[in-house]
Structure formats: structure tokens, C-alpha cells
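Close look at the chain arrangement
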Amino acid sequence: MLKIIAIGMNHETAPVELRECLGGDADNIRKVLAWMRSSEVVREGLFLSTCNRVEALFITEEAESARESVISLMSGLGGVHIRDLAPSLYVLEDMHAVSHIFNVASSLDSMVVGEPQILGQIKEAYALAAAEKTSGVILNRLMHRAFHVAKRVRSETEICGAAVSISYAAVELAKKIFHVLEGKKVLLVGAGEMAELAARHLLTNGVSSLVVANRTFERAVEVAGHFNGKAVSFEEIDSELLNVDIVITSTAAKEYVITQGQVKKCLRRRRNRPLFFIDIAVPRDVQPEVHALSNVYLYDIDDLKGVVALNMSQRKEEAVKAGRIVEEEVGKFEKWLKTLAVVPTIVSLRDKAESILQAEFAKSRSVLDQLTPTQHEAVETLTRSIVEKVLNDPIVFLKGRAGRPTLNTYLDLTKRLFRLNGLEDEGAGKGELGDSGI
């Protein structure tokens, strides 16, 4: 009996030190796929390795042997003894494994719920499995359904719509103020990591240019180079305030770097254009009174944390909706999986019907050849239509029995009734119904 199994570890089950052992070597993925391709116990499989998770997803008919082999393989790849590795692993089977991969693809199992990167990473893992020929009918269907589920979750919920990091929150607030960020100019004061990340997000959202001011001019030049921007000295901040639209501050200064007086002085020459300050520094770089000025918006790190907390709460609510979508799609996949048992019989049934058609067409060739092409096509269409209608009821019947305990009985009966694969009831063709020929 085929089983779907997922074995792995993630940010909740294993510390980063352990995840690094298995995910640190980029060649590990190809090594695992090469092993799966040659394995006698794994029929199909893929291997996913990211900074927050390492897991194998595979199809097998020998569950116990395959589980032991995959765990042993992971132990060898990471150079970690099985007894140290096993407590950090999760082992999920069948619909639990399907539900898991749907949740992972939809970013419901991520450290930051709703983050979009994981879906791309799964697609890459599947593409590599396909290229290495370790995927097959079941895994192909499973992964395409996982991508479909992720798409449904993104389009039918707001789980990806709310910012859950300081930098994303800054961009979200900027969008609310300016509506569109295309063509806007940014002044980065200081070179803190969070400020750089916020600047990067703003630039990817359409901001046209970046100016970097830092007490150490060499550092300003270095950071500006990352963004193809311009470096200026601290003394030039006042003049830059005349031209920019967004100011991000992140210095280690103990006093205000930008005061209300400085900002007020430049407002008249700005001709009422809005000025947006994102103060990520602790202690703060921008004097709080700046917020009282007309057309000036100031948000400090506590404001941004408030946005993040609210958005995290909203994402949790949306995750409930997403969970219902996953549950629904797992049910659909389970139903499809059960129909696989009837596929060979249905294929045999259709093949036999086709062979009968071809044989009868061959017998009638002398008559059919006298028909015009249009008439010949009409006869063939009519004949095939009759066959399809005759086969439709038994095919629908078999599909409807998929997953039921009596399925094998009906499959066997169908094979005997239609004499598929050389099977016949004992005495078939010997007048079991008497000499009436009925």
C-alpha cells in the first residue's frame, strides 16, 4: 500500500545549530535526490532545505524500511548520531503529511506566518526533484495541489497583506501617506541594519533615489554604494530635507539629530509637500515635537512595533480561514488518491473497447471505404459515442466505490465481466446461461 511520508525538522523542533548540520551543504539536496532515485524503498521524493526547515517528502510502499533509511541518510549527511537527531524530527504520514506540506506552502508553518519566501523555495525543491527524475504521478499531483492551496490562501485571505517586521511596517505606513512611492526620495541618516532594510524595501516599492548621511563619511559612501545612492555629510542634512520625501534615522546619537527647528525652517521652501520621518533609533533621533508640524509625519520604533503587533494579530485571525482552506483541499486530495486504485481497471476497460473498435472497423473496411470522408467520420463519431456512453456507467460506479472496503470485489468483478487482462469467470463461453444464447 502506497504511503506519503514527511520527515524533517523546523524552527520549532530543532535549534539552528542542528538545522545547519543538515542544511549547510548545498550539495546535500542532490545527494538525497540521487539516493532516492536509486533507492529500492522510495518510489518518489523531494528534499527541502531552508534556513528554518530541512525535510524529506517521499512516497513508499515499505513505510517502516523507508522511514529508517531516510532518517539514517539525514544522520549521515549532518554527521549527527541518530539518537541526537531523532528527538528533533517530526514524522508525518498520509493525510497528516499532505496537510503539513499544504500548510508549509501556504506559509502557515513558518516562523513568520504569511511570509512569501517559502513558496518559492518549495517550487525550487520540486523543480529539482523533477529534473533529477525523483518525482512521479503522486508527488506531481501533490505539489501542484500545494501550489494551488497557497494561491487560494493568498487570494482568499489577508494572511500576507499585513506587515510583520519593522521595515515592512515602515513601508506600509509610507504607502498610506503617499499612496504611491514611485518617484519619492529617501534620506537615510545613520547606517543601522534595520534602517538599511527599510530603505531596501522602500526602493523595491518604487522609491526613485536614496541619499545617505553618516557621521563617518566613508561609511555613508559604503552604504550608498549598496543602493546606487548618494553619500552626504551630517552637515548637509538641512539642505537634503528640502528635497526628500522620506527620512529614515538610525544613529547611536544620545541627542536629537533632527530637531523641530530644523524641520520647521525647511517647510516653507518645500511648498507644503509631505515629509515622512521613520525614527528607528533608541534613543530617538528625531525630536518628538516634529510631529506637530503641518504636513509632517513622525513614527518612532514603538509606533512601528504597534503596527507589527496589530498585524500579527490580524494574521493569526486570517490563519484560521487559511486552515479551513487547507482542510478542504486535503479532503480533495485524499479523494483523488483513493481513485488511483481504480485507474488501471478503467484504463484496461477503455483499452479493450478501443481494440474492439479497431477490430470491427478493420472487418468493415471494404464497406467503410465506399463512404465519403465526411460520412466515414460521422460513423466513427457515432460508434465512439455509443461506446463512451456504455462505459460511462461502470466507470462512474467504480470511481464512486474508491476508498470503500468493497472496492477490490468490484474491481475483480469488472475484470471478469469484461474479460480484462485475460481474466474470465470459470466456465465463461461454455453456455453457463443455457443454450438460449442470452
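Computed from a prediction, not measured in an experiment: that's the story for all the values here.

Time to look at the pattern of salt bridges. A full pass over the atoms with the stated rule returns 25 salt bridges. The shortest N-O distance in the salt bridge between Arg152 and Glu328 comes to 3.2 Å. Of this pair, Arg152 sits in helix H7 (residues 137-156) while Glu328 sits in helix H13 (residues 301-339), and the two are 176 residues apart along the sequence. On the basis of relative accessible area, Arg152 is assigned to the buried category, the value being 14%. Relative accessible area serves as the criterion here: at 38%, Glu328 is assigned to the partly exposed category. The partner of Glu328 in a salt bridge is Lys332, and the shortest N-O contact between them spans 3.4 Å. Taken together, the residues Glu328 and Lys332, both in helix H13 and 4 residues apart, mark about one turn of the helix. Taking relative accessible area as the criterion, Lys332 reaches 42% and is therefore assigned partly exposed. Through salt bridges that share partners, Arg145, Arg152, Glu156, Glu328, Glu329 and Lys332 make up one connected network.

The subject of this paragraph is the packing of aromatic side chains. This model, assessed by the stated rule, comprises 4 aromatic pairs. Ring geometry for Phe276 against Tyr299: centres 5.7 Å apart, planes inclined by 80°, an arrangement best described as edge-to-face. Taken as a pair, Phe276 in strand S9 (residues 275-279) and Tyr299 in strand S10 (residues 296-300) lie far apart in primary sequence, 23 residues in all. Pairwise contacts between aromatic rings join Phe178, Phe276 and Tyr299 into one cluster. The ring of Phe147 carries Lys123 above its face, with NZ or CZ at 5.5 Å from the centroid.

Let us look at the packing of helix H6 (residues 117-131) against H7. How two helices sit against one another is set out by the angle between their axes and by the gap between those axes. Interaxial distance between H6 and H7 falls to 11 Å at its minimum, and their mutual angle equals 165°. Judged by the angle between their axes, H6 and H7 are roughly antiparallel. Judged by the sense of rotation from one axis to the other, the crossing of H6 with H7 is left-handed. The residues of H7 that touch H6, namely those facing Leu119, Ile122, Lys123 and Tyr126, are Leu139, Asn140, Met143, His144, Phe147, Ala150 and Arg154. Residues that form the contact of H6 with H7 fall into these classes: 7 nonpolar, 2 polar and 2 charged.

Take Thr374: it is sitting in helix H16 (residues 373-400). For Thr374, a relative accessible area of 61% puts it in the exposed group.

Another aspect to go through is the sheet that holds strand S3 (residues 53-60). Strands sit in the order S2-S3-S1-S4 across an open sheet of 4 strands; the sheet is antiparallel. The open sheet has two edge strands with one neighbour each: strand S2 (44-49) and strand S4 (90-93). Averaged over neighbouring strand pairs, the angle between their axes works out to 10° when direction is ignored. Relative to S4, strand S1 (residues 3-10) runs antiparallel, the two sharing 4 bridges. Bridge assignment links Ile7 to a residue of S4, and that residue is Val91. Packed onto the sheet, helix H3 (residues 63-78) meets S1, S2, S3 and S4 and runs at close to 150° relative to S3.

Calculation notes
Residues numbered from 1 in each chain as written. Predicted model: local features only at pLDDT ≥ 70, side-chain atom pairs only at ≥ 80, totals over all residues. Heavy atoms only, no water. Salt bridge = Lys/Arg side-chain N within 4 Å of Asp/Glu carboxyl O. Helix = DSSP H or I, 4+ residues; strand = E, 2+ residues; numbered from the N terminus. Buried < 20%, exposed > 50% of the residue type's maximum accessible area, 1.4 Å probe, protein only. Phe/Tyr/Trp six-rings, centres within 6.5 Å; stacked < 30°, edge-to-face > 60°. Lys NZ or Arg CZ within 6 Å of the ring centre and 35° of its normal. Axes fitted to C-alpha atoms, helices over the stretch in contact; angles between N-to-C directions. Parallel < 35°, antiparallel > 145°, perpendicular 65-115°, else oblique. Left-handed = near helix turned anticlockwise from the far one by under 90°. Contact = heavy atoms within 4.5 Å. Nonpolar A, V, L, I, M, F, W, Y, C, P; charged D, E, K, R; others polar. Pairing = 2+ DSSP bridges.

Keep in mind that these numbers describe shape and distance, not what the molecule does.
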